[in-house]
Amino acid sequence: MIQGQDDLVEYGFRRIIITVTAVLCALLEIVDTTIVNVALTNMRGSLGATLTDVAWVITAYAIANVIVIPMTSWLSQQFGRRNYFAVSIVIFTTASFLCGNATNIWELVAFRFIQGLGGGALLVTAQTIITESYPVAKRGMAQAIYGMGVIVGPTLGPPLGGYLVDNFSWPYIFYINIPLGIIATILTLSFVKSPKYGEKLKSNQVDWYGIILLASFIGSLQFVLEHGQQDDWFNDGLILTLSLVSLFGLILFIWRQMTYKYPIVNLSVLKDGNLRIGTVMCFILGFGLYGSTLIIPIYTQSVLGWTATDAGLLLIPGSITTALLMPFVGRMIQKGVPQAYMVSIGFAIFFVFCLMMYTNMTPDTGVEHLYWPLILRGVGLGLLFVPITTLSLSTLSGKNIGEGAAFTGMMRQLGGSFGIAIITTFITRFSQSHRVNLIANLDGSKFEVQQRIIQLQRGFMSKGFSASEALKKAYQAIDYSVMKQSIVLSYMDIFLYLGLLFLCCIPIMLLIKKGKNKINPADAMH
């Protein structure tokens, strides 16, 4: 027997509880992606690890996430959505406890991987549960509520992490998940329903090769993106090998899914034109969302010298703007405002944000110059996130919604990984070339340069250094300011290129408008 779609639609109190549970779970998973960034230094100290080792705490979680996301729809079919969702929360919560108790870095990395396997499921399953609990006409609103969690999550991570690390110790960033996880499990088991979309497979029908190919393709890709820059990309044997594994894994995986009777990932969903465009847009959204979230804290901490908590707090007003905007955007979609227009405006606003950051960045920019661009970024994100997600899933129905959500979720995560990998590489390359250009202008025979060195030397001598020591320190101070300037210039370049990327997306969005008129979900799903 196959249940009708409408059996899953909830009303009144039950719908509120289900929505709260799903958003709470999505928040748990997303906050955990970014909360660790602030605590890395403390972890290095207490676990005696190098910077490369400690980066694995982030990498392991991301790899597990990306492997499990495409399989979520299939797994919830196998075990029943409610059971799978509840078990995922339990795995996530238990792994959080174990992470907090880890005694060395590799234990922590292993538990983070397990935590990621539980967490990846929370994100997409939460989105599917929310989408199916609302009637078709209110789907835009459902995506808006889910979007509030997804957008606010990454920015809540750093300030919350900073607060916990400054006032308690790093294990508490994991312990905070435990009470929330227990509440979410109880609510899931009491309220969430499982749809029945066909029978589960016997173990000999399961596509084990598909699972292995998926894990090797996505796991290798994620590793290459996370470690490419520090290992010098393709000059490193391991990176080269894994790139090839990823490429052939992808080709074989697609072939396997096309030919096998019971595929793990249903690629035929991508025949839907809206979903195809939506997945590309989700990739670009991930690129911009995670990319700009990466640069701003690094810039404020390393160049402007802010504390971790302050750097995290700077991002909050923008997130609140997005969260407040979400319900309005949801209502506009319900009223039939074409999503392609909203997304185009969102991309245009993002371009203006990038341009403002490009013009406002200096080695000593004040908070007032960063505040408004970030509010603008919040407005842009609000106009991008919900319309793109609703647009992607608008012409799907039944179990295809879950499969479509898995694609958009995966592409957003991969877009983020690509964004972070490409941006970190470019920051290194750009800052080297800017440094060379700046040093070329520092001619020791110029009067201004000599004056500056003498000034600095006198300053150091007044602090009790000898003349030769003070001269050495004066040269170091000039070198430091050149380095700082070159880093700021490279950040400015990144913002300029990000802005141009968003600008190029606008014509693509307007093209869809002409190609498909059935973009409004309420019409498309009748």
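Residues numbered from 1 in each chain as written. Predicted model: local features only at pLDDT ≥ 70, side-chain atom pairs only at ≥ 80, totals over all residues. Heavy atoms only, no water.

Topic: the overall build of the protein
For clarity, the cut-off: To qualify as a helix, a DSSP run of H or I must reach at least 4 residues; to qualify as a strand, a run of E must reach at least 2; elements of each kind are numbered from the N terminus. Atoms counted for the radius of gyration: C-alpha only. Globule rule: 2.2 Å times the number of residues to the power 0.38. The cut-offs for exposure are 20% and 50% of the maximum accessible area for each residue type, with area from a 1.4 Å probe on protein chains only; residues under the lower value are buried, those over the upper are exposed, and the others partly exposed. Think of it this way: Lys and Arg go in the positive column, Asp and Glu in the negative one, and His and the chain ends go nowhere. Working definition for charges: the position is that of NZ of Lys, CZ of Arg, CG of Asp or CD of Glu.
Scanning the protein for helices and strands turns up 19 helices and 0 strands. Its C-alpha radius of gyration of 25 Å places the protein within 12% of the 24 Å reference for a compact globule of 526 residues. Taken over the C-alpha atoms alone, the protein extends approximately 90 × 50 × 45 Å along its principal axes. Counting over 526 residues, the protein shows a buried share of 54%. Each charge class in the protein was averaged separately, 34 positive and 26 negative side chains, and the resulting centres sit 8 Å apart.

Things to note about the nonpolar core
Within soluble globular proteins, side chains that are nonpolar tend to cluster in buried spots. Counted only if it meets this: What makes a nonpolar core is a set of buried Ala, Val, Leu, Ile, Met, Phe, Trp, Tyr and Cys residues whose side-chain atoms join them at distances within 4.5 Å. Two residues qualify as a contact provided that any one of their heavy atoms is within 4.5 Å of a heavy atom in the partner residue.
With 79 residues, the main nonpolar core has Phe347 and Met361 as its most contacted residues. The dominant element in this core, judged by the number of residues it contributes, is helix α11 (residues 273-303), at 12 residues. Once residues within four sequence positions are removed from consideration, Met361 is found in contact with Ile295, Tyr299, Val488, Tyr491, Met492 and Phe495.

Digging into helix α9 (residues 208-227)
Going by this rule: To estimate how far a helix should extend, the number of its residues minus one is multiplied by 1.5 Å.
With 20 residues, α9 extends 28 Å between its outermost C-alpha atoms, agreeing within 8% with the 28 Å of an ideal straight helix rising 1.5 Å per residue. Among the 20 residues in α9, 14 count as buried, and that is most of the element.

Comments concerning the packing of helix α6 (residues 139-167) against helix α13 (residues 316-334)
Our working rule: Every axis in this analysis is a line fitted to C-alpha atoms, fitted for helices over the stretch in contact. Angles between the N-to-C directions lie between 0 and 180 degrees. Here is the rule for angles: anything less than 35 degrees is roughly parallel, anything more than 145 is roughly antiparallel, 65 through 115 is roughly perpendicular, and the remaining ranges are oblique. Think of it as three bins: nonpolar holds Ala, Val, Leu, Ile, Met, Phe, Trp, Tyr, Cys and Pro, charged holds Asp, Glu, Lys and Arg, and polar takes everything else, Gly as well.
Closest axis-to-axis distance for the α6/α13 pair is 8 Å, and the angle between their directions is 175°. When the interaxial angle is binned, α6 and α13 end up roughly antiparallel. On α13, the residues touching Gly140, Met141, Ala144, Gly147, Met148, Ile151, Val152, Thr155 and Pro159 of α6 are Ile316, Ser319, Thr322, Ala323, Met326, Pro327, Gly330, Arg331, Ile333 and Gln334. Across the contact of α6 with α13, the residue classes tally to 11 nonpolar, 7 polar and 1 charged.

Some remarks on the environment of Ser190
With respect to the secondary-structure elements, Ser190 resides in helix α8 (residues 177-191). A relative accessible area of 44% means that Ser190 is categorised as partly exposed. Measuring from C-alpha to C-alpha, the distance between Ser190 and Arg276 comes to 36 Å, with 86 residues separating the pair along the chain.

Points about the packing of aromatic side chains
As a reminder of what qualifies: Two aromatic rings, drawn from Phe, Tyr or Trp (for Trp, its six-membered ring), form a pair once their centres lie within 6.5 Å of each other, and the interplanar angle then sorts them: stacked below 30 degrees, edge-to-face above 60, tilted otherwise. Here, a charge over a ring means that NZ of Lys or CZ of Arg falls within 6 Å of the ring centre while also lying within 35 degrees of the ring normal.
All told, the structure shown has 13 aromatic pairs when counted by the stated rule. With 6.3 Å between their ring centres and 90° between their planes, Trp170 and Phe174 make a pair best called edge-to-face. Each member of the pair, Trp170 together with Phe174, is buried. Ring geometry for Phe353 and Phe495: centres 5.8 Å apart, planes at 90°, overall edge-to-face. Residue Phe353 is found in helix α14 (residues 339-360), and its partner Phe495 is found in helix α18 (residues 467-515); the two are separated by 142 residues along the sequence. Phe495 shares its class with Phe353; the two are buried. Among the aromatic residues, those joined into a cluster by ring pairs are Phe347, Phe350, Phe353, Phe495 and Phe502. Residue placement shows Arg112 over the ring face of Tyr61; its charged tip is 4.1 Å from the ring centre.

Description of the pattern of salt bridges
Spelled out, the test is: One side-chain nitrogen of Lys or Arg within 4 Å of one carboxyl oxygen of Asp or Glu is enough to make a salt bridge.
Counted by the stated rule, this structure contains 1 salt bridge. Two residues, Arg435 and Asp479, come together in a salt bridge whose shortest N-O distance is 2.8 Å. Remark: Asp479 occurs in helix α18 and Arg435 occurs in helix α16 (residues 399-440); sequence separation between them is 44 residues.

What to know about the packing of α11 against α14
Our working definition: Should the near helix be turned counterclockwise from the far one by less than a right angle, the crossing is left-handed, whereas a clockwise turn marks it as right-handed.
Two numbers describe how α11 lies on α14: the axes approach to 13 Å, and their chain directions differ by 25°. By the angle class used here, α11 and α14 are roughly parallel. Note that α11 runs across α14; the crossing there is left-handed. Across the interface between the two elements, Met281, Ile284, Ser292 and Ile296 from α11 touch Phe347, Phe350, Phe353 and Met357 from α14. Here the contact of α11 with α14 is composed, by residue class, of 7 nonpolar, 1 polar and no charged.

Focus on the side chain of Ser319
Looking at where Ser319 falls in the secondary structure, it is placed in helix α13. Once residues within four sequence positions are removed from consideration, Ser319 is found in contact with Ile151, Val152 and Thr155.

Thoughts on the confidence of the model for the protein
Note the cut-off: What pLDDT reports is the predictor's confidence in each residue, on a scale of 0 through 100.
On average, residues of the protein score 78 in pLDDT, and 91% of them reach the 70 mark or higher. Mean pLDDT in the protein bottoms out at helix α19 (residues 521-524), which sits at 37, and peaks at α14, which reaches 88. Taken together, the stretch residues 513-526 has pLDDT below 50 and engages in 28 contacts with residues farther than four places along the chain or on a different chain.

Some points on α6
Basically, it comes down to this: The seven residues ending at a residue and the seven starting there each receive a fitted axis; the angle between those axes is the bend at that residue.
A rise of 1.5 Å per residue sets the reference length of α6, with its 29 residues, at 42 Å; its end C-alpha atoms lie 41 Å apart and thus fit the reference within 8%. Along its length, α6 shows its largest kink, about 35°, at Gly153, and proline Pro154 lies within four residues downstream of that point. By the criterion of burial, α6 is predominantly enclosed, with 22 of the 29 residues buried.

Observations regarding the side chain of Ser486
Looking at the secondary structure, you find Ser486 in helix α18. Looking at Ser486, the relative accessible area reads 2%, which means it is buried. With near-sequence residues (within four places) excluded, Ser486 lies in contact with Ser431, His434, Arg435 and Leu438.

Focus: the environment of Ile422
Structurally, Ile422 can be placed in helix α16. Since its relative accessible area comes to 31%, Ile422 is described here as partly exposed. With 213 residues separating them in the primary sequence, Ile422 and Tyr209 have C-alpha atoms 31 Å apart.

Concerning the environment of Trp170
Note on placement: Trp170 falls in the loop between α6 and α7 (172-175). When the C-alpha positions of Trp170 and Val36 are compared, they lie 8.6 Å apart, and in sequence the two are 134 residues distant. Contacts of Trp170, omitting those with residues within four sequence positions, involve Ala39, Asn42, Met43, Ser46, Leu47, Cys99, Ala102, Leu108 and Val165.

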